[in-house]
Every structure is written in structure tokens, then in C-alpha cells.
Amino acid sequence: MPPPKDVVKIAIQMVGAIPQLIELQQNKPLAAVLRDVCDAWSLPNAERYALQYADGRQTYITESNRREIKNGSILRLTTSPDQEAERLYNGIQSNNSDVKTDSLKKLASLSQDVTFAQEFINRNGLKLIFYIVEEGNATGEMLAHTLKAFMELMEHDFVSWETLSAAFIKKIVSYVNMNAVDASVQQLSLSILENMVPTSPLLFELVKKEVTLDRLLTHLQVTGIVSHSNFFFLLFLIPLHLFSLEVFLSQEWRGSCPGRSLLLTFGFPAAPRCCTHETNTQLQLKAMALLIALLLAAPDTERRDMMDYLREKNIRQFIHKNIIHSSEPLGDEMAHYLYVLQSVSLNLRERRMRTSMDPYSQEQRELLQSLRQAAFEPEGEAPAGPFSTERRRSLCAKEFRKLGFTNNSNPAEDLRRAPPGLLALDNMVYFSRHTPNAYSRFVLENSSREDKHECPFARSSIQLSLILCEILHVGEPCSETAQAFYPMFFGQDHFFEELFCICIQLVNKTWKEMRATQEDFDKVLQVVREQITRTLSLKPTSLELFKTRVNALNYSEILRLRQTERLHQEETLAVPVLELRERLKPELLELVRQQRLLHLCEGTLFRKISSRRRQDKLWYCRLSPNHKVLHYGDVEEGVCSPPIESLPEKIPVADMKMLLVGKECPHTKEKSSGKQNKDVLELAFSVVYDVEEYSLNFIAPTRYEFCLWTDGLNVLLGKEMTSERTQTDLDVLLSMELKLRLLDLENISIPDTPPPVPKPPSSLNFCYDFSHAEQ
């Protein structure tokens, strides 16, 4: 007979005592349970004790979370949160620096628990932390533990960031602006400021004023340490240049391990940290996080000024060379920040994109006239007069028609459509001024064609500008999780305009390949959109490479790709083949189910995301090999596939009730007061277990992982797999199996192992020219 649902079998440990195995009655008050446990070990004052998970994050057990205890959980009897908070509250006031440091270290660890954090904050513990920071006597490890504890306490949202004193904020700012500060202190200080910026306009202005962009760029552009080979070279030079050593050695060198030893040997002050490559990478990451927070919180005008300043400092070139093309792999967080930086930069064009042309604006009319003059009036204007003015007006209308404007008598009407609005005019002017030869060639070449075969430059530019805005998501809010940035964006100052210059010439090239007429305009632009999207999906590293690849993807190649894709869809539509598909489908569907369960057994690394900021915390979830238990728990950065024994939390599959996705998930409903993010909703899913009171909440790292996990969980729940990936995988397997079945394989044995790879040829000096064979 199964045990009642309100009874769980657990083990309770205590240092120096034999563990107790008890049946915990969930309906029994927790205070009574603690009394029974203390009585078994003859401990007085049961109210001074509490239960805590022995593994994982060691969360305290309270009446609100006790239902999360599972059969087989291991708990530990420890000091109650109020007693521990009181002890640490007194410890961090100790005059003994060792006691004070140990208390702060313990505080930083326990502050992750919401129950302890509330007890400590209720004792005005934050005021003590403020005092330690504002006093300025704490340094090194003690200061790092203080800032870490502050971060963890603020994470629970018991105290508003707006309550921080000006003295505390200025002290945090000083740690960012000073050179000789421990690296961990600078990283934590940058994280604190990053959290402050989005909370209020006042804090944004304060941080923006105190932490200059120049200082952030200094942290962002930190590079690796001096090599050990250079160290021995310096050691050889020291007897001759001893007195110039302090000037010669950089801050990073003074912080490096050989540098510290060498400087201390000769009596020079060494930097208080060891600047490893990992330290520099983390410092770079935190600096980028604060920079992104400032950009997102800034009003439009200030954001534009900040981006202009970053462009003057060549920050894109540095990112392109030293971050994107670094020898180290790019982390998920840095990829996200680069995506946001790209989005913020592209969104600077939103105002022009949504602004229609004003026919009464002198500046806009001059830009429009400059297009006509660049194409048809290289020498200058014709003399004015009563007769010549009328003739001139007629000539201008004819020239605007040759430029491809639909309304040639009033071309401003073509630019009243927004989007793309004035952005289309900006792109055309940029093309005419920066590539005048290509511009003249485009216009004059089409002017000499028959009317119905000419490619309209202006109409094409307006539509192309709109297509580029849609592909690059100009004007859309930044995603909280996306990492899809284009490396070539950071290699070019005027990326959008240069991309337009390449693509408008592609329009003309494709127009000629398709032998298009005016009636084919929409078809040509559809092909151009496909050419651009297919090329961008290859993630070219530079605009030159993009130009090469997109021009190679001509109309004939697009037709070939479309035909190939169509054949894959249509080759199995015959009635006998359809019948065979239906016979094969159950067997292959079972194969897909097994693959999904196998993926769940391998497990996936998930990232915790809060409503305020992108978190550094990770957790891992995997299915047991017997498909009966889901194991999960927090893991450290860098852990790829932790063993199942290291994951302390468990959910029996038998307790799982349902699967929720998207807006139905509890963790997306909690954010309903804010602006819902489409990407997060598409990746969110939850497992409801027990009596539909608790849920395990997920945000998948990718759409692929979302599909595999939701399918696998549906299999465990005995339901149909519903993701789009299921149909895709099933179609691939069915197509492959059908092709094998339809081959004439009678009396032909299919080997179980693949054939061996043939030996390489004796000479590689050969080439076959396919062009001659095609002729």
C-alpha cells in the first residue's frame, strides 16, 4: 500500500550524532516536528533550531516551502535563521578582523536563503553593511564578502535600491574608478551599479555622472597579462633600470603572479590582485553589463549621444578584434550583450524610419534634389527665367521618373509611407554620395532600357529599406535572452547604410537575371529578401564576405534551392507511398520518443532569469536512466554535465500532473505587470507536480531545447508530442525510410556498418572545370 501523500520519509543529520530516519507528517506543525527531533537527541530549546537541506543551496525549511520536501531527502538540524542572523550580526561588528571576515563570508553564503535574509534585514543588518562600506576601512577579501552579501540580500527585493545613501553609492563608484582595487571588488561594484541603473531615473543619472564612459571603456578594453617569457627578460634588465621599474610596469603586470613576486622582492608596491585571463574576462563582462544597462535606461537623445561617443572611441573595432575574434570562446552572456548593443545601435534609426517626409521641409527637399542632381546634373543648374523655369519643372519631373519615383511631379509623396519613411531617403542619399559611380551606373543603365524593363531605383530603395528593417528588427524591443548578433556589424561604422549599398546593387543584378518587368517588382523583391536572409543565416564575418556570398546566390541558385526543397516535400505524395508512410509512422514515432527520453537523460543546463537583470546563476536538470525521477539542482559556471548524484532535488515522474507552456506558466504570470517578452514566452515551460500546487519552472536556452524537453515531458506524462520539431524529425525519418524501401533492394544485403573511407589519391594535382562540361 503506498504511503499517504502528506507523509514523506526523510533523514535528518546533526554533527556528532547518529542520523535519524523519520516519517515527516506534512500536516504536523513544523515547531512540533523540531521538538520531536530535538527530544530524540536530548537537545533543549527546540525553538533555537531549524531544519535545512544538507545538499545544494542548503535552504531553510519553513511552513511555506515544506511541501517541496520529497521522499529520500536529507535534512540537517542547524541553528535557526533568527539565531544565525543574530550571531552574524554581532560577528560583523567584532574588532577581530578574522572573526569579522569569517562572519561576512558566512553572511554572503546564507543570504541566498530568503528566510535568513529577512531575519538579517529585520535586525537592520543592511545598515551595518552600509557602514562597513562607507567607513572605507575594509579592503580585499573582507570588502569582497561585504559586497557579495549586499548583492545577495538585495536580490530578494525586501529593500528598494532607491533607499541607498549617496555616500554608499559614491563609495561603490570609487571602487570602479580606482586602479589599485582587488579585481573581485571591482566586479561586484560593477554588478551593484548595473542593478541600480534600471530602478529609477535618479540612480541612472547618478551612475552615468560618476562612472564615465571612458572609465567603462578602460575596464572593457582590459587585455591579457604580460607573458612569463617577458618576465624573465625584465628580470634580466632590472639591475640596469631598477629605478624606472615602477613607471615601466603596468597595472596589470603589477597584479600578475610573477609581477607581484618580482616587485615585492625589490620593495615595490604590487597590485592587490592577480590578473589572470579569467579575471580580465569577468571584469570585461561586468563592464559590458553596466554599459548595456546605461544604454537601455537612457532617454533617446542621451542614448544617441552615448552611441556617438562609443563610435568615436572605436569600440566596435575593439569588440570585433578582441572579443568576437578572441582565441577564447564567446560566452552566452557576452553574446547577449553584443546582441543588445547591436539592437540599440540599429534602433537609433527608428525615429527616421517612422517619420514621413515633410514636403515643406527645406532640408528634406534639398536631400531629394541632391539625388536628381547627382545623377543628371554633374556640371550645375541651367539658367533660370520665365520660360526656362517651366521647362525646368518638366525636365525635373522626367528625371525623377527616371530615378524610379512613382509620383514624378511630387516625389515627396513616395516617401510619405512610414515605415520606412525618411530612412529610405537617408539610404538613397548615402548610396549616391559614398558610391557615386555605382549610383550613376544604376540610374543611367536603367534609363537606357525600355520603360517596362527598367528597374525603378527609388521604388526599389524604399521597399528594400523596409525589408532590411524587418530582417534586422529595427524598432523592436531587445529580447531578454537572444544572442543572435552579426559579427560583421561590429566591423563597420555605418553597417546599415553599407548593407543597403550592397543590397540595392543586388536588386539591380537580380532584376536583370529575372528579365523582370514592372509587373514583376514584388517577385524580384521577394527573391532579394530570400537572398539576404539565406546569406545572413551563414553569419558572414565581414561585409565583403557577405557581398561575395549574396552575389554568388543568384536567381538560378535560388530556383535550384526552391526546387530541391519542393521535391523533398512532393516526392512522397503518391497513394501507395502514403499508405506505406502510415504503416511506418508508429514505429518511427516510437523512435522519436526514445530519442527525446534519451536527451532528457543526458540533461540540459538552464539559466535563471529574474525580472530585473540577466542572472549568472545556472541550474541543471536531467532524467534518471530508469525514467522514473527528474533530478535537478544549481551548478557552477563551467560545469557542462554534472553527475546525477550531485543534483540534490528530485521529482518523481509519478507525481507529475501536467505540462504548462508560454503564458500559462507561473513564472511568466509573475511578470505580468511588466512588458512581456515574446522570446521568453516562447521558451518558457513548467512541470506541475503533486496536487497541482507546485511547479518546476524552465526557460529553455534555445527553441531546439524547448521542443525536445516539452516532447520528452509529454512522453513521460503519456501524452502526444506536440512540438514543431516532432513533425520535422518524423518527416526526415519517414523520408529516409521510404527511400530505402522504394529502392530495388531485392537480393541485396545492406551492410550494418558503413564502408571504409577510401585512401587518398597519390596526387592531388587535378582539377575539373564544370563550366566546359555544361557548355
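Residues numbered from 1 in each chain as written. Predicted model: local features only at pLDDT ≥ 70, side-chain atom pairs only at ≥ 80, totals over all residues. Heavy atoms only, no water.

Here Ala-297 lies in helix α15 (residues 277-297). Overall, Ala-297 belongs to the partly exposed group, its relative accessible area being 31%. A C-alpha to C-alpha distance of 9.5 Å links Ala-297 and Glu-205, two positions 92 residues apart in sequence. Residues contacting Ala-297, with those up to four places away along its chain left out, are Val-197 and Phe-204. (Helix = DSSP H or I, 4+ residues; strand = E, 2+ residues; numbered from the N terminus. Buried < 20%, exposed > 50% of the residue type's maximum accessible area, 1.4 Å probe, protein only. Contact = heavy atoms within 4.5 Å.)

The subject of this paragraph is the sheet that holds strand β10 (residues 684-689). Spatial ordering of the open sheet is given by β9-β10-β11, a layout of three strands whose pairing is antiparallel. The open sheet has two free edges, formed respectively by β9 (656-661) and β11 (694-699), since each of these has just one partner strand. Across the sheet, the mean angle separating the axes of adjacent strands is 20° when strand polarity is ignored. Judged from the five bridges that link them, β9 and β10 form a sheet pairing that is antiparallel. In the sheet register, Val-661 faces β10, and the bridge partner there is Phe-685. Seen against the sheet, helix α32 (residues 703-716) touches β9, β10 and β11 and runs at an angle of roughly 155° to β9. (Pairing = 2+ DSSP bridges. Axes fitted to C-alpha atoms, helices over the stretch in contact; angles between N-to-C directions.)

The next thing to look at is the packing of α32 against helix α33 (residues 724-742). For the pair α32 and α33, the least separation of the axes is 8 Å and the interaxial angle reads 90°. Comparing the axis directions of α32 and α33 gives the class roughly perpendicular. Contact residues: α32 offers Arg-703, Tyr-704, Cys-707, Leu-708 and Asp-711, while α33 offers Glu-724, Arg-725 and Thr-726. Of the residues belonging to the contact of α32 with α33, the class tally is three nonpolar, one polar and four charged. (Parallel < 35°, antiparallel > 145°, perpendicular 65-115°, else oblique. Nonpolar A, V, L, I, M, F, W, Y, C, P; charged D, E, K, R; others polar.)

This brings us to the sheet that holds strand β4 (residues 74-79). What links the strands of a sheet is backbone hydrogen bonding, and the strands pair in either a parallel or an antiparallel sense. With mixed pairing, four strands are arranged side by side in an open sheet as β2-β1-β4-β3. Edge positions in the sheet fall to β2 (20-25) and β3 (49-53), since each has one partner strand and no second. Within the sheet, the average angular offset between the axes of one strand and its neighbour, ignoring direction, is 40°. Alignment of strand β1 (residues 7-13) against β2, held across six bridges, turns out to be antiparallel. Pairing of Val-8 across the sheet is with Leu-24, part of β2.

A separate point is the pattern of salt bridges. Scanning the entire structure with this criterion turns up 31 salt bridges. Measuring nitrogen to oxygen at the nearest pair gives 3.9 Å for the salt bridge that ties Lys-313 to Asp-214. One end of the pair, Lys-313, is in the loop between α16 (300-312) and α17 (315-324); the other, Asp-214, is in helix α10 (residues 213-220), with 99 residues separating them in the sequence. Glu-399 is the salt-bridge partner of Arg-372, the closest N and O atoms lying 2.9 Å from each other. Of the two residues, Arg-372 is situated in helix α20 (residues 362-376) and Glu-399 in helix α21 (residues 386-402); the sequence distance between them amounts to 27 residues. When sorted by exposure, Arg-372 lands in the same class as Glu-399, which is buried. Among the charged side chains, a network of salt bridges with common partners joins Arg-596, Asp-711, Arg-725 and Asp-729. (Salt bridge = Lys/Arg side-chain N within 4 Å of Asp/Glu carboxyl O.)

How two aromatic rings sit relative to each other is set out by the distance from centre to centre and by the angle between their planes. Enumeration according to the criterion identifies 25 aromatic pairs in this entry. Between Phe-489 and Phe-495, the ring centres sit 5.3 Å apart and the planes meet at 75°, which makes this aromatic pair edge-to-face. Exposure class is identical for Phe-489 and Phe-495. Each is buried. Note on Phe-685 and Phe-698: the rings are 4.5 Å apart at their centroids and 5° apart in plane angle, and the pair reads as stacked. Taken together, the residues span a long stretch of sequence, with Phe-685 in strand β10 and Phe-698 in strand β11 at a distance of 13 residues. (Phe/Tyr/Trp six-rings, centres within 6.5 Å; stacked < 30°, edge-to-face > 60°.)

This brings us to the side chain of Arg-596. By the secondary structure assignment, Arg-596 is in helix α29 (residues 575-602). With relative accessibility at 1%, the residue Arg-596 sits in the buried group. A distance of 3.0 Å separates a polar atom in the side chain of Arg-596 from a polar atom in the side chain of Asp-729. Beyond its immediate sequence surroundings of up to four residues, Arg-596 is in contact with Cys-707, Leu-708, Asp-711, Gly-712, Met-721, Arg-725, Thr-726 and Asp-729. (Polar contact = N/O pair within 3.5 Å; in protein donor to acceptor, adjacent residues only side chain to side chain.)

Cis geometry is adopted by the peptide bond preceding Pro-419, which originates at Ala-418 and carries an omega value of -10°. When you line up the elements, Pro-419 lands in the loop between α21 and α22 (422-434). In this structure, the amide linkage connecting Pro-419 to the following residue, Pro-420, adopts the cis form with an omega of 5°. Here Pro-420 lies in the loop between α21 and α22. For Asn-124, which is not glycine, the phi torsion reads 60° and is therefore positive. Mapped onto the elements, Asn-124 comes out in the loop between α4 (114-122) and α5 (125-135). The exposure class assigned to Asn-124 is partly exposed, which follows from its relative accessible area of 42%. Backbone geometry at Lys-539 places phi at a positive 55°, although glycine is not the residue there. Given a relative accessible area of 38%, Lys-539 falls into the partly exposed group.

Among the secondary structure elements, Gln-595 is positioned in helix α29. Linking Gln-595 and Leu-708, residues 113 residues apart in sequence, is a C-alpha distance of 8.9 Å. For Gln-595, the contacting residues outside a window of four places in its chain are Tyr-704 and Leu-708.

Counting residues in each nonpolar core, the largest one holds 150 residues, and the members touching the most others are Phe-150, Leu-403, Leu-425 and Ile-532. Ignoring sequence-local partners within four residues, the contact set of Ile-532 consists of Leu-464, Leu-468, Ile-471, Cys-503, Leu-506, Phe-546 and Val-550. Counting 40 residues, the second largest nonpolar core, distinct from the first, contains Leu-588, Trp-619, Tyr-689 and Leu-738. (Core = buried A, V, L, I, M, F, W, Y, C linked by side-chain atoms within 4.5 Å.)

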